[in-house]
Every structure is written in C-alpha cells, then in structure tokens.
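# Tertiary structure, described
One letter stands for each residue in the lines below.
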Amino acid sequence: MPNVLTTDIGKNNEIYATVHRDVGGKKVADGARIDTAPVDQPHDYGVLVTPTQIVWYVDSREVRRTANTDFHRPAYMLLNLAIGGDWPGAPDARTRFPARMKIDWVRAYALRDAGAAR
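Residues numbered from 1 in each chain as written. Predicted model: local features only at pLDDT ≥ 70, side-chain atom pairs only at ≥ 80, totals over all residues. Heavy atoms only, no water.

## So, the pattern of salt bridges
Should their charged atoms come close, side chains of opposite charge can pair. Applying the stated rule across the entire model yields seven salt bridges. For Arg 21, the salt bridge goes to Asp 30, with nearest N and O atoms at 3.8 Å. Of the residues examined, Arg 21 reaches a relative accessible area of 14% and is grouped as buried. Among the charged side chains, a salt-bridge network with shared partners connects Arg 21, Asp 30, Arg 64 and Asp 70. (Salt bridge = Lys/Arg side-chain N within 4 Å of Asp/Glu carboxyl O. Buried < 20%, exposed > 50% of the residue type's maximum accessible area, 1.4 Å probe, protein only.)

## Here's the deal with the environment of Glu 14
Here Glu 14 lies in strand E2 (residues 14-23). Residue class for Glu 14 comes out buried when judged on its relative accessible area of 9%. Each C-alpha atom, one on Glu 14 and one on Arg 33, is 6.7 Å from the other, the two residues being 19 residues apart in sequence. Of the polar contacts made by the side chain of Glu 14, one reaches the side chain of Arg 33; its length is 3.0 Å. (Helix = DSSP H or I, 4+ residues; strand = E, 2+ residues; numbered from the N terminus. Polar contact = N/O pair within 3.5 Å; in protein donor to acceptor, adjacent residues only side chain to side chain.)

Next comes the structure, spelled out in structure tokens:
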C-alpha cells in the first residue's frame with residue numbers, strides 16, 4: 001500500500017486527519033480525531049504538505065500538525081464517498097441511501113518556498 005494522507009468524516013461533529021504508511025509491508029495509521037462543526041454543513045478542508053511538515057486545516061484553522069517523514073514525491077488527490085469497509089463497518093438499516101458527497105471546488109497549489117509550513 002502506498003503512503004496515504006486522509007481527512008475522513010466520521011460522525012456528525014468529527015473528522016479524522018490521518019497519515020497511512022507502509023512500514024515493512026504492514027499498514028500503519030497515525031491519526032487524530034478532531035471535533036468540528038457539523039459535517040453536514042459546508043466546510044473548507046485543507047492539507048499542507050511541505051518537506052518537513054503535514055498540516056490539516058478546517059475552515060482555515062489548523063487542526064493537526066505532524067512531521068513529514070514519507071511524502072517527498074508528487075502525489076494525486078482522490079475524493080470519494082466510501083461506504084462499508086473495516087473502519088465504518090457494513091451499512092445497516094440506519095444507513096441513509098442514496099448517500100451524497102457534495103463538492104463545490106477543489107484546488108491544488110505549489111508553494112514557492114516549500115521548506116516552511118505556516
């Protein structure tokens with residue numbers, strides 16, 4: 001599994017900012033639960049990756065910072081609505097369908113001075 005950065009939406013008032021690494025062939029997750037405003041309202045989510053730091057933002061407010069030990073090559077963004085799996089579990093009678101993820105915009109930037117996280 002390649003190294004992965006995620007911002008996962010959990011229950012109504014929480015997100016998870018996680019770095020997933022492959023350590024000797026074993027998947028290792030380094031994550032933090034972050035209490036936030038209700039996730040069914042619009043928010044701006046951001047991740048800043050520099051050579052030394054990874055910083056997560058919600059609505060322009062820093063919510064987590066960790067050392068960047070793995071992400072030093074170009075990467076891609078994947079935005080999806082995942083249902084089921086090991087983390088949330090299988091859908092049940094309480095699961096609302098159809099499920100929707102509304103995205104207003106996505107932007108990617110390159111920093112001029114990528115050595116300093118703000």
